[in-house]
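Residue-level listing of the chains:
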Amino acid sequence: MPDDAPTRPMLVADQITKSYPGVVANHEVSIDLYAGEIHAVLGENGAGKTTLMAIIYGLARPDSGEVRLDGTPLALHSPKDALSHGIGFVQQHFSLIPTLTVAQNMVLSLSNSGEKVSVGEGTERVRALSARYGLDVPPEALVSSLSVGLQQRAELLKALARNARVLILDEPTSVLTPQESAELSDLLTRLAADGVGIFLISHKLEEVLRIADRISVLRRGRMIGTVAAKTATQRSLAEMMVGELSDAPVVSAGHRPRSETPRLVVENLSVRSESKRGEVHDVSLELFPGEVLGIAGVEGSGQVEMLEAMAGVRQVTHGRIRLDGDDISSLTVRQRQRRGIAHIAADRHAAGFVASLSVADNLVVPVAGDRRFSQGGILRRGAIRDFVKQAIEDFDIRVAGPDVEAGTLSGGNQQRVVIAREFSRQPSVVLSCFATRGLDFASIVAVHERVRAMRDAGAAVAYASVDLDELIALSDRILVLYQGRVAGIVDAEGATSERLGLLMGGSVLT
Amino acid sequence: MTLDWFSLLLVAAIALAAPLLFAALGEVISETAGVINIELEGMMLVGAFTGIAGALASGNIAVAFASALAGGVLVAAVQGIACFIFGANQVVAGIVLNILALGATTFLLVSALGADVTKSAVTLERLPIPILSDIPYIGRALFDQSIAVYLAYLAVPAVWWLLTRTRFGLALKAVGERPAAAESMGVNVLKSRWAALLLCGALAGIGGGLLTLGGLGVFTPNVTKGIGFIALAAVIFGRWKPVGAFGAVMLFSLVDAFQIRAQALGLPIPYQLLVALPYLVTIIALAAFVSRMRPPAALAINYER
Amino acid sequence: MGSFSRLMQHRRGLAEGILVPVVSVVLALVTVAIILLMVGANPLTAYASMLDASFGDPYAVSNTAIKTMPRLLAAIGIAIAIRANLWNIGAEGQIYIGGTAAAGAVLVLPVLPAPMVPLVAIVAGGIAGAVWGAIPGFLRAYRGISEVITSLMLVYVGIQITQYLLEGPWAVPLSTFPATAPFEPYAKLPVLIPGTILNAGIFVAIAAVAVTWFLVDRTRFGLELRALGGNETASAYLGIRVKGMIVLTMALSGAFAGIAGAVEVVGIRGRLIEGFSPGFGFEAIAIALLGRLHPIGMVAAALLFGALDAGGAGLQTSARGVSSAIVMVAAGLSVGYVLIGMGAMDRRAKRRKARLALSRVDRQDTAATPEGKVAR
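Residues numbered from 1 in each chain as written. Chains lettered and ligands numbered in written order. Predicted model: local features only at pLDDT ≥ 70, side-chain atom pairs only at ≥ 80, totals over all residues. Heavy atoms only, no water.

Engineer: Before we go on, may I ask you to explain the overall build of chain B in this structure?
Structural biologist: The helix and strand tally for chain B stands at 12 helices and zero strands. Tracing chain B from N to C terminus, the helices and strands come up as α-α-α-α-α-α-α-α-α-α-α-α. Its C-alpha atoms give chain B a radius of gyration of 19 Å, within 12% of the compact-globule value 19 Å for 305 residues. Along the first, second and third principal axes, the C-alpha set of chain B runs to 60 × 45 × 40 Å. (Helix = DSSP H or I, 4+ residues; strand = E, 2+ residues; numbered from the N terminus. Rg over C-alpha atoms; globule rule 2.2 N^0.38 Å.)

Shown next as structure tokens:
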């Protein structure tokens, strides 16, 4: 905090509780913000950071607790209310219209705060604000023609033009180059000096220590504590983030003897993504039969894209993938399935299964071409029925019958369908991404059992998760990704979540 | 072929272009806001019908055009109710409305107007502008037309101004591109889309009215003969911009005017190729310049909060 | 039969599949009756005379049947595409191209043995329609261009190709109307029952219904088609070659429309003639939706449209064109009501789902009981 810090916080979120179906996102969380302060909010994925900020911005309403500005409770029904009180939110996905210019976006945004400005005035406004903070945003450029960094500045300008006193930035540097990140830090410092209070959501330890005045850590929906940045270290923050764990080695599934020759080898793999988050750069790894290789990393570190490239859904930009020595980089998904690769997609709803098809149809799609199940393109219904019955039984899918529409099942049962489909053909390689996301406890346990069973049967398993506890419990080795690159590979036996947390946060360990 | 021949070609092309232009500009507005109107043809057809009906009932040309406008708006309103309220697929609703418009106007022509009484009481008079209409070669084409034709051309800069220079236009672009982001900026997506759709209906209705009232004053079954689809093609070929759509409409109309004359001249080009040209060039343009032919991102996708 | 009986098993499926379309048709007929009343006609006598003209005697029934065939064939093609979430709006153009190719086969290949000629013509129509349908499919799969617009644009290109041939190379000297000379009897589909106009095209239509049902329900292609229609992304993850499937499906869809055109030309018209399809391809979209994409549903819907068309001629009205106009009004209204009815049901289902999700928070163990709604 600056030396002339005000004695009373500008904004207080008091005892906020918010639950969504099945999860408590925030439990009696309190946080405050002084004018002129940069307050970092740190936490793992799913810790409740975004929910807390959404409540302060009026995107979500708390079940209990209140948000006060200058001591007065706020009734926040929508972002419009928050904006009118001077609270601005720069989200990860910018709320700019790409086909309009920066000035036109400004006009639209301002006109809804009751300020009717012309496009000419909007241009002036952008120019003036841009000059004041040294932002260099061209008012007449189309948003879509701007770099991500400039788009972010335009988004910031939009908030500033509406006289924001409180700014919330959600993982602002995750989309930026190091150069742009440095410039953003400078800008935030200047804004704070101007009296703006800033909430900075982040998971990068080094970054928050450098920029922030105070740091609050959330874990599993609860506030762990707020510390002054001056007194904190990367180590102390990592400890707060990941929990009770210390230097003591974690008890894991135990180191398993494994074959000398890897089943799947990835050499210098690079993969492009639609956004900068998720790109994969020069990743190499080996996957041995009978092991689970955990893949750690915050979301958007490239784990999804890496596994998709291995499964054949995404094009490889550079590098090679070898299965039992053969280069499979240019094979189709179906050819790779035939060679024994199974894939549990990261986004179950978008890519995991077809909701409008029956459970039976979902189970049989990848193998429908096998001679067992079709002849001359005509399905052998008897064989399919037997296979589906067996799969439903073996994988404990709780369903009224094989003809039930898959989309009407609960999440846990849907994932059982996915796993049954992928595992019932006895794959030799399993690529699993966020397989337990959104599932109830019983279903999570079931997924773990299945994965272990596959490993015991000799499959090579790559298992990506953002949950460190899960990875440590399930893996033999853990590979940590940070911004699309391998930050390190550690043995699960002897791994500490502190060490993993540091790697995930981009700290370089020696 | 003399200069006079070209002058007459131009006169014809400009008159042919006007109804198309109204419809295309309406569709530009609507598609900018993310609403596609396959029933543009139906809007024009109903406008052409109600225009004649209005003329027969009132004998007043202004009333006739007002009822043409109302006819287009009626079709637009049905589309809006089906898609915005009941969440129907915009394309499907559009096709159904085309069928309905063709059936209803043909049926009512016989049953309500009486098939033989199709000659309108009034048609649009030419309104030559003094001096300007005497300019050699282009004078007649540009300045000896009806008021509606002048308005069609004035509508081009008007729509351009509306879409690029007004807050309403910016809001339409926003809801056609990223409705969720627009909503987060406080724009009412549904209201904006309704406004764009009804405006499109009004313009297409006038365009349809111009087809009948600006010509012989006769309504025949399916009098639009696919002009609405050419207008749809013009919007795409014009890359969803008013000036682009204007260029496309002019090109298509010149080809059309030429086609009518080419037959008389006995040129060795099959006229059918020229008739199919608007559709062919639109497909080729889409296929060849796909990266530059980017439709509004939220086009034809209903918005749900 | 599988999917139909499954459809019957579930109440919501029943309502969606049968109740909404039937109520919509009834409402449409009531609306048309009101319109008839407003223009001074007696709807009861009008409907009676329509019924008489469509089912009154064997000839009338055969007239209804031949008016049903092209509509049904085109609707089947459209339904296949919709199953894959592809919107083949251009069936009308594929009908013209198919009919023209069929006529071309008759005109160009006179050396074949007699019964082979109409068959070859129908195959030619199917192939031509497939090509015409594959173009938008290809552009969608490999260039990302919406098949809605391109297939629609190709309608008018197709019609002009027909027009060019009729007025150019295939023109009959001194004829005032663009049409080829009538085909020799051997080149036409034979009439099945003397005294009627029912021709062998009905076998093509019946075969098409059976083949489609089998294809969609019982083959690997059908399985992948339905997967593609349900979720394109997931289909790619499941190993389906999405691009190839899109082209293939659009080609198949076009093939059925092409066959519809061919049957119309070699079966009913007996020559290629200007405007031989008065919008069958557009009406077929309505039929596919009204029949809820189900083979039997589409047969019923096409039969309804065919009967309206045949019956329209029985209306005591003064001018030509009214019969098809009243069909279009009834068709448009019934599908319009279906759209609105389905929309209303979807919204209700969504609200119910949202309520369910909220109540699930309280009930913990939902996984223990078998769950789900039967798929169609």
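Engineer: Honestly, the overall build of chain A in this entry has me stumped. Any pointers?
Structural biologist: Secondary structure summary: chain A contains 17 helices and 22 strands in total. Expected size for 510 residues packed as a compact globule is a radius of gyration near 24 Å; at 25 Å, chain A falls within 12% of this value. Dimensions of chain A, computed from the C-alpha atoms along their principal axes, are close to 75 × 50 × 45 Å. Considering chain A as a whole, with its 510 residues, one finds that 58% of them fall into the buried category. For chain A, the share of sequence-separated contacts (at least 6 apart) that also reach a separation of at least 24 residues comes to 68%. As presented, chain A carries roughly 20,000 Å² of accessible surface, and 49% of it is formed by carbon and sulfur atoms. One way to put it: in chain A the 54 positive side-chain charges average out to a point 5 Å from where the 62 negative ones average out. (Buried < 20%, exposed > 50% of the residue type's maximum accessible area, 1.4 Å probe, protein only. Contact = heavy atoms within 4.5 Å. Areas by Shrake-Rupley, 256 points an atom, 1.4 Å probe, with all protein chains shown as cover. Lys, Arg positive; Asp, Glu negative; His and termini not counted. Charge placed at Lys NZ, Arg CZ, Asp CG, Glu CD.)

Engineer: What is the right way to look at unusual backbone geometry in this model?
Structural biologist: Peptide bonds are, in most cases, trans, and in most cases residues other than glycine have a negative phi. Non-glycine residue Asp70(A) carries a positive phi angle of around 50 degrees. By secondary structure assignment, the location of Asp70(A) is in the loop between strand S4 (64–69) and strand S5 (72–73). Here Asp70(A) falls in the partly exposed class, since its relative accessible area comes to 35%. For Arg292(C), which is not glycine, the phi dihedral falls at a positive 50 degrees. Within the secondary structure, Arg292(C) sits in the loop between helix H12 (280–290) and helix H13 (295–312). Since its relative accessible area comes to 21%, Arg292(C) is described here as partly exposed.

Engineer: Honestly, helix H6 (residues 178–193) of chain A in this entry has me stumped. Any pointers?
Structural biologist: Residue and element names in this part refer to chain A. End to end, H6 covers 23 Å across 16 residues, agreeing with the expected 22 Å (1.5 Å per residue, within 8%). Of all the residues in H6, the buried ones are Ser 181, Leu 184, Ser 185, Leu 187, Leu 188, Leu 191 and Ala 192. Lining the buried residues of H6 we find strand S3 (38–42), helix H5 (148–161), strand S7 (166–170), strand S8 (197–202) and helix H7 (205–211). Residue Gly 195 follows H6 closely and has a positive phi angle near 100 degrees. (Expected span 1.5 Å × (residues − 1).)

Engineer: What am I meant to see in helix H14 (residues 411–423) of chain A here?
Structural biologist: Since one α-helical turn is 3.6 residues long, residues separated by three or four positions face the same way. Residue and element names in this part refer to chain A. The end-to-end C-alpha distance of H14 is 18 Å, a good match for the 18 Å that 13 residues give at a rise of 1.5 Å each. Within H14, 12 of the 13 residues are buried, which leaves it mostly tucked inside the rest of the structure. Turning to H14, its buried residues are Gly 412, Asn 413, Gln 414, Gln 415, Arg 416, Val 417, Val 418, Ile 419, Ala 420, Arg 421, Glu 422 and Phe 423. Buried residues in H14 make contact with strand S16 (341–344), helix H11 (348–352), helix H12 (359–364), helix H13 (381–394), strand S19 (429–433) and helix H15 (441–456).

Engineer: Honestly, the packing of helix H8 (residues 201–218) of chain C against helix H11 (residues 242–269) of chain C in this entry has me stumped. Any pointers?
Structural biologist: Pairs of packed helices are described in terms of their axes, by the angle between the two and the distance that separates them. Residues and elements named next belong to chain C. Running from amino to carboxyl end, H8 crosses H11 at an angle of 170 degrees, the nearest separation of the two axes being 10 Å. It follows from the interaxial angle that H8 and H11 lie roughly antiparallel. Contacts between H8 and H11 pair Gly 201, Val 204, Ala 208, Thr 212 and Leu 215 from the former with Leu 252, Phe 256, Ile 259 and Val 263 from the latter. (Axes fitted to C-alpha atoms, helices over the stretch in contact; angles between N-to-C directions. Parallel < 35°, antiparallel > 145°, perpendicular 65-115°, else oblique.)

Engineer: Sorry if this is basic, but what is going on with the sheet that holds strand S21 (residues 477–482) of chain A here?
Structural biologist: All names here are of chain A. Taken together, the six strands give an open sheet; going across it, the order is S16-S19-S20-S13-S21-S22, and neighbouring strands pair in mixed fashion. Each of the sheet's edge strands pairs with one partner strand only, and the pair in question is S16 and strand S22 (485–491). Between one strand axis and the next, the sheet turns by 15 degrees as a mean value, whatever way the strands run. Pairing of strand S13 (residues 292–296) with strand S20 (residues 460–464) involves four bridges; the strand directions are parallel. Following the sheet pairing, Ile 295 is matched in S20 by Ala 464. Against the sheet, helix H9 (residues 303–311) touches S13, S16, S19, S20 and S21, its axis set at about 150 degrees to S19. Strand contacts of helix H17 (residues 497–504): S13, S21 and S22, with the helix running at about 30 degrees to S21, the strand carrying the most contacts. (Pairing = 2+ DSSP bridges.)

Engineer: It is not clear to me how the side chain of Ser273(A) should be interpreted in this structure. Could you clarify?
Structural biologist: In this fold, Ser273(A) is placed in the loop between strand S11 (264–271) and strand S12 (280–287). Non-local contacts of Ser273(A), meaning those with residues more than four positions away in its chain, are made with Gly278(A), Glu279(A), Glu305(A) and Arg314(A).

Engineer: Looking at this model, I keep getting lost on a nonpolar patch on the surface. Mind explaining?
Structural biologist: Residues and elements named next belong to chain B. Taken together, the side chains of Ile 129, Leu 132, Ile 135, Tyr 137, Ile 138 and Leu 142 make up a nonpolar region of the molecular surface, amounting to roughly 460 Å² of accessible area. In this fold, Ile 129 is placed in the loop between helix H4 (90–113) and helix H5 (139–143). Given a relative accessible area of 30%, Ile 129 falls into the partly exposed group. (Patch = residues over 30% accessible without salt bridge, like charges linked within 9 Å, V, L, I, M, F, W, Y side chains within 5 Å. Salt bridge = Lys/Arg side-chain N within 4 Å of Asp/Glu carboxyl O.)

Engineer: Hey, could you run me through the sheet that holds S8(A) in this one?
Structural biologist: To summarise the sheet geometry, strands pair through backbone hydrogen bonds and adopt either a parallel or an antiparallel arrangement. Residue and element names in this part refer to chain A. The mixed open sheet is built from six strands, whose spatial order is S6-S7-S8-S3-S9-S10. Only two strands of the sheet have a single partner each, and these edge strands are strand S6 (87–90) and strand S10 (222–228). Strand-to-strand twist of the sheet, defined as the mean angle between neighbouring strand axes without regard to direction, takes the value 20 degrees. Alignment of S3 against strand S9 (residues 214–219), held across four bridges, turns out to be parallel. Looking at S9, one finds that Leu 42 is bridged to Val 217. This element, helix H1 (residues 49–56), spans S3, S6, S7, S8 and S9 of the sheet and lies at about 150 degrees to S8. Sitting on the sheet, helix H8 (residues 234–242) touches S3, S9 and S10, and the angle it makes with S9 is about 30 degrees.

Engineer: Help me out: how do you make sense of the interface of chain B and chain A in this one?
Structural biologist: The extent of an interface is frequently quoted as the accessible surface area lost upon association of the parts. Opposite the 16 residues of chain B that make contact, chain A presents 20 residues. Both sides of the chain B and chain A interface together cover about 1,500 Å² of buried area, and 65% of this is carbon and sulfur. When the buried area of chain B at its contact with chain A is split by residue, Arg167(B), Leu170(B) and Met185(B) rank highest and sum to 47% of it. The interface formed by chain B and chain A contains zero salt bridges. Summed over the shared surface of chain B and chain A, the number is two residue pairs in polar contact (both at pLDDT 80 or more). For the side of chain B that touches chain A, the secondary structure elements donating two or more residues are helix H6 (147–165), helix H7 (167–177) and helix H8 (179–184) of chain B. Its residues assigned to classes, the side of chain B that touches chain A shows seven nonpolar, three polar and six charged. (Buried area = accessible area lost by both parts, 1.4 Å probe. Polar contact = N/O pair within 3.5 Å; in protein donor to acceptor, adjacent residues only side chain to side chain. Nonpolar A, V, L, I, M, F, W, Y, C, P; charged D, E, K, R; others polar.)

Engineer: What exactly am I supposed to notice about the confidence of the model for chain B here?
Structural biologist: The predicted structure's coordinates, where accompanied by low pLDDT, should not be read in detail. In the predicted model, chain B carries a mean pLDDT of 89, and 96% of its residues have values of at least 70. The ipTM for the predicted assembly is 0.86, set against a pTM of 0.86. (pLDDT = per-residue confidence, 0-100.)

Engineer: Is there a simple way to think about the packing of aromatic side chains in this case?
Structural biologist: Each aromatic ring pair is specified by the distance between its two centres and by the angle formed by the two planes. Overall, the coordinates contain 13 aromatic pairs over all chains when judged by the stated rule. Each ring, one from Tyr57(A) and one from Phe89(A), has its centre 5.2 Å from the other, and the planes form 80 degrees; the classification is edge-to-face. With Tyr57(A) in the loop between H1 and S4 and Phe89(A) in strand S6, the pair connects residues that are 32 residues apart, well separated along the chain. In this structure Phe89(A) comes out as buried when scored by relative accessible area, which is 6%. Each residue in the set Trp5(B), Phe6(B) and Phe258(B) is aromatic and connected to the rest through ring pairs, giving one cluster. (Phe/Tyr/Trp six-rings, centres within 6.5 Å; stacked < 30°, edge-to-face > 60°.)

Engineer: It is not clear to me how the domain arrangement of chain A should be interpreted in this structure. Could you clarify?
Structural biologist: Here the domain parsing of chain A yields domain 1 (1–86 + 164–243), domain 2 (286–315 + 327–340 + 428–510) and domain 3 (352–426). Spacing between the C-alpha centres of domain 1 of chain A and domain 3 of chain A amounts to 46 Å. (Domains from an automatic or database assignment.)

Engineer: How do you make sense of the state of the cysteines when you look at a structure like this?
Structural biologist: Where two cysteines share a covalent bond between their sulfur atoms, that bond is called a disulfide. All names here are of chain B. Within the structure shown, the criterion is met by zero disulfides over all chains. As a non-bridged cysteine, Cys 83 has Cys 200 as the owner of its nearest cysteine sulfur, 13 Å distant. Taking the relative accessible area as the measure of exposure, Cys 83 reaches 2% and is therefore buried. (Disulfide = S-S within 2.5 Å.)

Engineer: Help me understand the pairing of S11(A), please; the structure alone is not making it clear to me.
Structural biologist: Note on strand geometry: in a regular strand, side chains alternate between the two faces of the sheet. Residue and element names in this part refer to chain A. Among the eight residues of S11, six are classified as buried, and the element is accordingly described as predominantly covered. Examined bridge by bridge, S11 and S12 share five bridges and lie antiparallel to one another. Each residue of the ladder has a partner; that of Val 271, found in S12, is Val 280.

Engineer: I tried to follow the nonpolar core on my own but got confused; where do I start?
Structural biologist: Nonpolar side chains tend toward joint burial in soluble globular proteins. Leu167(A) and Leu191(A) are the most contacted members of the largest nonpolar core, which totals 308 residues. In terms of nonpolar packing, the next biggest core, distinct from the first, is built from 32 residues, Leu287(A), Leu307(A), Leu323(A) and Leu479(A) among them. (Core = buried A, V, L, I, M, F, W, Y, C linked by side-chain atoms within 4.5 Å.)

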